[in-house]
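Here is what each chain is made of, one letter per residue.
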Amino acid sequence: MSDCLFCKIAAGEIPADKVYEDDQVVVFKDIAPKAEVHLLMIPRQHIASLNELSVEHDVLTSHMMRLLPRLAREQGLEQGFRTIINTGEGGGQEVFHLHLHLMGGDNLPGFN
Ligand code: AMP
Ligand code: ZN
């Protein structure tokens, strides 16, 4: 999608503080971190939200899930981490390109 912020980050058209990338996903630091460690994992492919996921994305979603603990370890989060996926306006989603928040360390926010 030409006007999608996270598609532009995935394509390198907008700078981001990337910590990991491969042929399927890009991971970068949230620009307004809500915890000591706050990363965003996005698929390279434009998928607007969890609502648009289908069986064709099963390999991708499995890859993303299994990457999370590895990235958390690399960020020093041996004690654990939190993942959040906001979906739709009612779920607080602001950027409509699927993204997983990976958070941990000091100042880990609650759900309120
Ligand atoms: P959400 O509310 O789940 O859609 O979260 C969107 C997240 O994207 C927020 O935590 C923002 O701080 C973050 N964000 C917005 N623009 C950028 C950007 N250019 N680079 C990194 N993170 C961003
Ligand atoms: Zn996109």
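Because the structure is a prediction, the values reported are computed rather than measured.

Looking at the sheet that holds strand E2 (residues 25-29)
Link 1 in the chain: Taken together, five strands build an open sheet; the order of strands is E1-E2-E3-E5-E4 and the sheet is antiparallel. Here the strands that pair on one side only, and so sit at the sheet edges, are strand E1 (18-21) and strand E4 (82-84). When the angles between neighbouring strand axes are averaged without regard to direction, this sheet yields 20°.
Link 2 in the chain: Here five bridges tie E2 to strand E3 (residues 37-43), and the two strands are oriented antiparallel to one another. If you follow Val27 over to E3, its bridge partner there is Met41.
Link 3 in the chain: Relative to E3, helix H2 (residues 58-74) is tilted by about 160°, and along the sheet it contacts E1, E2, E3, E4 and strand E5 (100-104).

Some words on the pattern of salt bridges
Link 1 in the chain: Following the criterion strictly, the structure yields four salt bridges and no others.
Link 2 in the chain: Here Glu21 and Lys18 are joined by a salt bridge, their closest N and O atoms 3.9 Å apart.
Link 3 in the chain: By relative accessible area, Glu21 is classed as partly exposed at 42%.
Link 4 in the chain: Measuring nitrogen to oxygen at the nearest pair gives 2.9 Å for the salt bridge that ties Arg44 to Glu21. Within this pair, whereas Arg44 is found in the loop between E3 and H2, its partner Glu21 is found in strand E1, the two being separated by 23 residues in sequence.
Link 5 in the chain: Among the charged side chains, a salt-bridge network with shared partners connects Lys18, Glu21 and Arg44.

Some remarks on a nonpolar patch on the surface
Link 1 in the chain: A surface patch of nonpolar side chains, about 230 Å² in accessible area, is lined by Leu50, Met65 and Ile85.
Link 2 in the chain: Mapped onto the fold, Leu50 is located in the loop between E3 and H2.

A word on the coordination of the zinc ion (ligand 2)
Link 1 in the chain: Note on the zinc ion (ligand 2): its protein donors are Cys4 (SG), Cys7 (SG), His46 (ND1) and His97 (ND1). The metal-donor distances range over 2.0 to 2.3 Å.
Link 2 in the chain: Of note is the zinc ion (ligand 2), whose four donor atoms meet at the metal with angles of 106 to 116° in an arrangement that counts as tetrahedral.
Link 3 in the chain: All donor residues of the zinc ion (ligand 2) come from one chain, and their arrangement in sequence is C-x2-C-x38-H-x50-H. In this pair, His46 sits in the loop between E3 and H2 while His97 sits in the loop between E4 and E5, placing the two residues 51 residues apart along the sequence.
Link 4 in the chain: By relative accessible area, which is 25% here, His46 ends up partly exposed.

About the criteria used
Residues numbered from 1 in each chain as written. Chains lettered and ligands numbered in written order. Predicted model: local features only at pLDDT ≥ 70, side-chain atom pairs only at ≥ 80, totals over all residues. Heavy atoms only, no water. Pairing = 2+ DSSP bridges. Helix = DSSP H or I, 4+ residues; strand = E, 2+ residues; numbered from the N terminus. Axes fitted to C-alpha atoms, helices over the stretch in contact; angles between N-to-C directions. Contact = heavy atoms within 4.5 Å. Salt bridge = Lys/Arg side-chain N within 4 Å of Asp/Glu carboxyl O. Buried < 20%, exposed > 50% of the residue type's maximum accessible area, 1.4 Å probe, protein only. Patch = residues over 30% accessible without salt bridge, like charges linked within 9 Å, V, L, I, M, F, W, Y side chains within 5 Å. Areas by Shrake-Rupley, 256 points an atom, 1.4 Å probe, with all protein chains shown as cover. Donors = N, O, S within 2.8 Å, 3.2 Å for Na, K, Ca; no water. Tetrahedral: all angles 85-135°; square planar, octahedral: opposite > 155°, others 65-115°.

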